[in-house]
Amino acid sequence: MEFPFDINQIFTERISVLDQNLVAGRWTATRPDLQANLATVIDELGKASAKAQQLTAAVTSASKLQTQRHQLYLLKDGESSSGRGAAVGFLKVGHKKLFLLDRQGVHVEAEPLCVLDFYIAENLQRHGYGLELFDFMLQHKSVEPGRMAYDRPSPKLLSFLEKHYSLTQNVPQVNNFVVFEDFFFNRAAVQ
Ligand code: ACO
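Residues numbered from 1 in each chain as written. Predicted model: local features only at pLDDT ≥ 70, side-chain atom pairs only at ≥ 80, totals over all residues. Heavy atoms only, no water.

Draft legend 1. Structural detail: the overall build of the chain. Assigned secondary structure in the chain consists of 5 helices and 9 strands. For the chain, the N- to C-terminal ordering of α and β elements is α-β-α-α-β-β-β-β-β-α-β-α-β-β. Scaling as 2.2 N^0.38, a compact globule of 191 residues should have a C-alpha radius of gyration of about 16 Å, and the chain matches this with 17 Å. The principal-axis extents of the C-alpha atoms in the chain amount to approximately 55 × 30 × 30 Å. (Helix = DSSP H or I, 4+ residues; strand = E, 2+ residues; numbered from the N terminus. Rg over C-alpha atoms; globule rule 2.2 N^0.38 Å.)

See below:
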């Protein structure tokens, strides 16, 4: 996704980790103009993600990120747009308190790391960018994909999880979250 400003000036790393402070590179904390552009990038990606999932409202925006304790991993392509760079996509995660059912139907209360929103620009899907972002997040958070919960996953995300992480056996829930069998394995040892 291209913008009429320099993406490389806002995001100095290939993958930036953003939280409620909305600070990416060295300068965004002290330059209101860069902060405004950063907010535009998040808002536009959030809208595109909602459209791709046929949601009526965006789950991700700069103002939402500022008020929620979530983390957003943003992937850029620094070389495109004649060197100005482009936003490739994002992955948003956060902890949620959930009441889940295990395979036997027993209630389990947990506060796992959840995938809350995930989007790769339309023309760049199926090129491995989603995997690059997801793997980065797994390392950054030191978490296994089977230990996470997925908020209303789209068919594309379910296919992605099956292909890259062999996650196929989901355990039926009464809420919008999807968890897999690994989630309940040795649960007592997991937070
Ligand atoms: N149809 C079916 N499966 C797809 C598609 C598609 N159009 N696109 C990606 N996938 C899955 C497939 O398993 C694919 O493997 P295959 O090509 O061998 O079939 C695999 O993802 C490809 O892996 P990557 O290239 O690493 O994934 P990508 O960069 O496309 O990112 C993502 C995956 C984020 C799901 C992307 O396709 C996307 O943005 N989709 C639209 C938005 C969306 O559905 N987001 C998830 C919302 S749910 C949530 O966030 C909790």
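Draft legend 2. Region of interest: the nonpolar core. L91, V115, F134, M137, M148, Y150 and L161 are the most contacted members of the largest nonpolar core, which totals 25 residues. Looking at this core, the elements with two or more residues in it are strand 2 (71-77), strand 3 (86-95), strand 6 (113-120), helix 4 (129-141), helix 5 (155-165) and strand 9 (177-180). Among the elements that line this core, the one with the most residues is helix 4, at 5 residues. Residue contacts for Y150: discarding those within four places in its chain leaves V115, F134, P145, L157, L161, L167, N176, F177, V178 and F180. Core analysis: the second largest hydrophobic core is formed by 22 residues, I10, L38, Y119 and A121 among them. (Core = buried A, V, L, I, M, F, W, Y, C linked by side-chain atoms within 4.5 Å. Buried < 20%, exposed > 50% of the residue type's maximum accessible area, 1.4 Å probe, protein only. Contact = heavy atoms within 4.5 Å.)

Draft legend 3. Broad picture of the side chain of K92. With respect to the helices and strands, the residue K92 is situated in strand 3. Among buried charged residues, K92 stands out as having no salt bridge; its nearest opposite-charge side chain is D117, 5.3 Å away. In terms of polar contacts, K92 uses its side chain to reach the backbone carbonyl oxygen of V59, at 3.0 Å. A polar atom in the side chain of K92 sits 3.2 Å from the side chain of T60. For K92, the contacting residues outside a window of four places in its chain are V59, T60, L65, Q68, H70, Q71, L72, C114, V115, L116 and D117. (Lys, Arg positive; Asp, Glu negative; His and termini not counted. Salt bridge = Lys/Arg side-chain N within 4 Å of Asp/Glu carboxyl O. Polar contact = N/O pair within 3.5 Å; in protein donor to acceptor, adjacent residues only side chain to side chain.)

Draft legend 4. Quick look at the packing of aromatic side chains. Scanning the entire structure with this criterion turns up 9 aromatic pairs. Seen in terms of ring centroids, F160 and Y165 are 6.2 Å apart; in terms of plane orientation they differ by 65 degrees. Their pairing is edge-to-face. Summarising the burial analysis for this pair, F160 and Y165 share the class buried. Three or more aromatic residues joined by ring pairs make a cluster, and in this case those are F118, F134, F160 and Y165. (Phe/Tyr/Trp six-rings, centres within 6.5 Å; stacked < 30°, edge-to-face > 60°.)

Draft legend 5. Local environment of the pairing of strand 5 (residues 107-110). Here strand 5 shows one buried face, formed by V108 and A110, and one open face, formed by H107 and E109. The pairing of strand 4 (residues 98-101) with strand 5 spans 4 bridges and is antiparallel. Within the sheet, the bridge partner assigned to L98 lies in strand 5 and is A110. Counting the residues between successive antiparallel strands, the hairpin from strand 4 to strand 5 contains 5 residues, one of them, G105, with a positive phi of roughly 85 degrees. (Pairing = 2+ DSSP bridges.)

Draft legend 6. Layout of the sheet that holds strand 1 (residues 15-18). Taking strand neighbours across the sheet as the criterion, the 7 strands line up as 1-2-3-6-7-9-8 in an open arrangement whose pairing is mixed. Because the sheet does not close on itself, it has two edges, and the strands there are strand 1 and strand 8 (170-171). Bridge analysis of strand 3 against strand 6 gives 7 bridges, and the strand direction is antiparallel. For G89, the partnering residue across the bridge sits in strand 6 and is I120.

Draft legend 7. Geometry of unusual backbone geometry. The phi dihedral of S82 falls on the positive side, at around 50 degrees, and the residue is not glycine. Take S82: it is sitting in the loop between strand 2 and strand 3. Of note in this structure, R152 is not a glycine but carries a positive phi near 50 degrees.

Draft legend 8. Molecular detail of the pattern of salt bridges. With the rule as written, the count across this model stands at 5 salt bridges. Here R31 and D33 are joined by a salt bridge, their closest N and O atoms 2.7 Å apart. By relative accessible area, which is 31% here, R31 ends up partly exposed. K97 is paired through a salt bridge with E109; the nearest N and O atoms lie 3.5 Å apart. With K97 in the loop between strand 3 and strand 4 and E109 in strand 5, the pair connects residues that are 12 residues apart, well separated along the chain.

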